[in-house]
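If you want the building blocks of each chain, they are given just below.
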Amino acid sequence: MKHWDRVEAFVEVVRQGAFSAAARQLKVSASHISRLVSQLEAELGVQLLYRTTRQIRLTEAGELYHQHCRHALDGFREAEAALGDMQASPRGLLKLTASTTFGERHIAPLVNRFVQQHPQIEVRMHFTNRRVALIDEGYDIAIRLGELQDSSLIARRLCDRREHVVASPAYLRAHPAPAHPNDLARHRCLIGSLDHWRFRIDGQRREIRVSGRWQANSGPALLDATLRGLGLSQLPDYYVDEHIAKGSLVPVLEDFRFGDTGVWAVYPRHRHLSPKVRQFVDYLAEQLGAAT
């Protein structure tokens with residue numbers, strides 16, 4: 001760090017290909033740039049540049065030194081920019097996608113509050129249960145539920161997500177509650193998008209295939225059928241918590257409930273995250289984390 005200004009001058013000379021161009025970029029004289037580079041070579045005890053009247057070239061030592069210094073200098077500039085963005089107001093278009101029910105119930109109200117607080121933000125929300133390709137489709141953020149697939153995207157956990165097997169009291173009066181996931185074969189199971197339910201049995205993740213005469217790819221429809229006593233279902237907490245609290249649904253097989261999964265904000269990997277994305281993700285984490 002003691003000769004950082006000399007390193008900056010050296011890297012800029014290589015980037016610009018000339019002392020005069022580097023001097024203009026750094027807003028100093030060409031003689032000052034030349035002096036800084038010469039001082040750096042003297043301190044290091046190696047020649048970094050071959051100089052002629054027509055061009056400059058890196059020596060072997062200069063090539064090695066430039067490779068490391070360029071990354072260090074870029075990182076330093078990124079750090080300065082990030083600090084500046086901490087104070088910057090989010091602005092511009094924010095495009096996000098989320099699953100339909102969770103997005104409508106939990107994400108949209110938070111987006112609306114965020115927009116009220118930051119009037120320079122424009123927002124486009126798209127709710128779908130289809131897995132959206134963020135980069136190809138031009139989205140800034142996706143809110144995803146459950147277990148994440150391996151991805152080149154950055155993921156931040158916003159809050160926990162729990163799944164419960166539930167039934168109405170009327171159903172359980174007519175059908176004794178299952179004591180083990182294997183007992184589900186003798187029950188009416190209401191099937192959503194998947195025909196298997198996840199459990200933890202003897203410390204291991206197990207998927208139990210279920211069957212029944214009712215199926216729909218809609219969480220609200222599945223919840224309604226469960227409340228009407230048509231059978232058992234496995235639903236996430238944001239569908240059933242209020243009904244469990246009121247007694248209109250009863251959780252079963254809680255000893256075998258699969259470990260908590262998460263609600264995630266995922267976004268493309270950029271070296272420098274924009275204020276609108278960073279501050280919005282921070283806001284979601286604060287609000288959703290406080291609600292769990």
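Cut-offs applied
- Residues numbered from 1 in each chain as written.
- Predicted model: local features only at pLDDT ≥ 70, side-chain atom pairs only at ≥ 80, totals over all residues.
- Heavy atoms only, no water.
- Salt bridge = Lys/Arg side-chain N within 4 Å of Asp/Glu carboxyl O.
- Buried < 20%, exposed > 50% of the residue type's maximum accessible area, 1.4 Å probe, protein only.
- Helix = DSSP H or I, 4+ residues; strand = E, 2+ residues; numbered from the N terminus.
- pLDDT = per-residue confidence, 0-100.
- Pairing = 2+ DSSP bridges.
- Axes fitted to C-alpha atoms, helices over the stretch in contact; angles between N-to-C directions.
- Contact = heavy atoms within 4.5 Å.

Whenever I open this one, the pattern of salt bridges confuses me. Can you help?
Between side chains of opposite charge, a pair can form when the charged atoms approach closely. Counted by the stated rule, this structure contains 17 salt bridges. The residue D160 makes a salt bridge to R157 at a minimum N-O spacing of 3.1 Å. In this structure R157 comes out as partly exposed when scored by relative accessible area, which is 36%. Between E254 and R257 there is a salt bridge, with the nearest N and O atoms lying 3.7 Å from each other. The network of salt bridges with common partners includes R156, R278 and D282.

Where do I start with unusual backbone geometry in this structure?
For residues other than glycine, phi is negative in most cases, and the peptide bonds are mostly trans. Even without being glycine, K27 reaches a positive phi, approximately 60 degrees. Mapped onto the fold, K27 is located in the loop between helix 2 (19-26) and helix 3 (30-44). If you check the backbone angles, D202 has positive phi at about 55 degrees while not being a glycine. Relative to the assigned elements, D202 resides in the loop between strand 9 (196-201) and strand 10 (204-209).

How should I be thinking about the confidence of the model for the protein in this particular structure?
When pLDDT drops low, the exact placement of atoms in the prediction is not to be read closely. Model confidence for the protein is summarised by a mean pLDDT of 87, while 92% of its residues fall at 70 or above. Taken element by element, the protein is modelled with least confidence in helix 4 (residues 60-86), mean pLDDT 75, and with most confidence in strand 13 (residues 250-252), mean pLDDT 97.

I tried to follow the sheet that holds strand 7 (residues 163-167) on my own but got confused; where do I start?
Consider a sheet: its strands pair through backbone hydrogen bonds, and that pairing is either parallel or antiparallel. Reading across the sheet, the three strands line up as 12-7-13 and stay open at both edges, with antiparallel pairing between neighbours. Here the strands that pair on one side only, and so sit at the sheet edges, are strand 12 (233-236) and strand 13. The mean inter-strand angle of the sheet, taken between neighbouring strand axes irrespective of direction, is 55 degrees. Pairing of strand 7 with strand 13, which is carried by three bridges, proceeds in the antiparallel orientation. Note that in strand 13 the partner of V165 across the bridge is V252. Lying over the sheet, helix 8 (residues 219-227) contacts strand 7 and strand 12, oriented at roughly 130 degrees with respect to strand 12. Across the sheet, helix 9 (residues 237-246) lies against strand 7, strand 12 and strand 13, angled at about 105 degrees from strand 12, the strand it touches most.

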